[in-house]
Amino acid sequence: MSYFQRHIFFCLNERESGKSSCAQSGAQAGFDHCKSRVRDLGLAEVGGVRVNKAGCLHRCAGGPVAVVYPDAVWYTYVDNSDIDEIVERHLKNGQVVERLVLPDDVGL
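Predicted model, so just to flag it, every value in this text is computed and none were measured.

1. Let's talk about the side chain of histidine 90
Topologically, histidine 90 is positioned in helix H2 (residues 80-92). The class of histidine 90 is buried, set by a relative accessible area of 1%. Side-chain polar atoms of histidine 90 contact the side chain of tyrosine 75, separated by 2.6 Å. When residues no more than four places from it in sequence are discounted, the contact partners of histidine 90 are Arg6, Val68, Asp71, Val73, Tyr75, Glu85, Gln95 and Val96.

2. Remarks on the pattern of salt bridges
Summed over the entire model, instances satisfying the criterion amount to six salt bridges. In this structure, the salt-bridge partner of aspartate 71 is arginine 6, at a minimum N-O distance of 2.8 Å. Residue aspartate 71 is found in the loop between strand S3 (65-69) and strand S4 (73-76), and its partner arginine 6 is found in strand S1 (residues 6-11); the two are separated by 65 residues along the sequence. Close ionic contact of aspartate 84 with arginine 37 constitutes a salt bridge, the shortest N to O distance being 3.5 Å. Of this pair, aspartate 84 sits in helix H2 while arginine 37 sits in helix H1 (residues 27-40), and the two are 47 residues apart along the sequence. By relative accessible area, aspartate 84 is classed as partly exposed at 29%. Each member of the salt-bridge network shares a partner with another, and the members are Asp82, Glu85, Arg89 and Arg99.

3. Considerations on unusual backbone geometry
Proline 64 follows glycine 63 through a cis peptide bond whose omega is 0°. Structurally, proline 64 can be placed in the loop between strand S2 (49-54) and S3. The omega torsion across tyrosine 69 and proline 70 is 15°, close enough to zero to call that bond cis. Mapped onto the elements of the fold, proline 70 is located in the loop between S3 and S4. Residues other than glycine seldom take positive phi values, yet alanine 72 does so here, at roughly 55°. Summarising the element assignment, alanine 72 is placed in the loop between S3 and S4. Alanine 72 gets classed as partly exposed once you look at its relative accessible area, which sits at 45%.

4. Concerning the packing of aromatic side chains
Counted according to the given criterion, the structure contains four aromatic pairs. With 5.2 Å between their ring centres and 85° between their planes, tyrosine 3 and phenylalanine 4 make a pair best called edge-to-face. A relative accessible area of 56% means that tyrosine 3 is categorised as exposed. The interplanar angle of 65° and the centroid separation of 6.2 Å between the aromatic rings of phenylalanine 9 and tyrosine 69 together place this pair among those described as edge-to-face. Taken together, the residues phenylalanine 9 in strand S1 and tyrosine 69 in strand S3 connect sequence positions 60 residues apart. Joined through ring pairs, the aromatic side chains of Phe10, Phe31 and Tyr77 make up one cluster. Above the plane of the ring of tryptophan 74 lies arginine 59, whose end atom (NZ or CZ) is 4.8 Å from the centre.

The rules behind the values
Residues numbered from 1 in each chain as written. Predicted model: local features only at pLDDT ≥ 70, side-chain atom pairs only at ≥ 80, totals over all residues. Heavy atoms only, no water. Helix = DSSP H or I, 4+ residues; strand = E, 2+ residues; numbered from the N terminus. Buried < 20%, exposed > 50% of the residue type's maximum accessible area, 1.4 Å probe, protein only. Polar contact = N/O pair within 3.5 Å; in protein donor to acceptor, adjacent residues only side chain to side chain. Contact = heavy atoms within 4.5 Å. Salt bridge = Lys/Arg side-chain N within 4 Å of Asp/Glu carboxyl O. Phe/Tyr/Trp six-rings, centres within 6.5 Å; stacked < 30°, edge-to-face > 60°. Lys NZ or Arg CZ within 6 Å of the ring centre and 35° of its normal.

What follows is the structure, encoded as structure tokens:
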């Protein structure tokens, strides 16, 4: 068994150039909400889910973005209901939330 079953990384980067970035798109609020939901559901224990901050994940055009490992599923999200769906369906039950998957061709 792995120490954590899944990790979700939230890009919290703010680009100095002034170009759009995840930080400008509410990424911190998404991170905070996810961390709270994972904790409230009892998923934050060893063998469960770890919610992590990340610097630039180089997918700015789709921001805000988060990625779940080891599944390598990239998500974009708009609000707390999207985060709730990712937590409940993917992080808790292992089901990819297809409607929130970031297309492969979305980059910087």
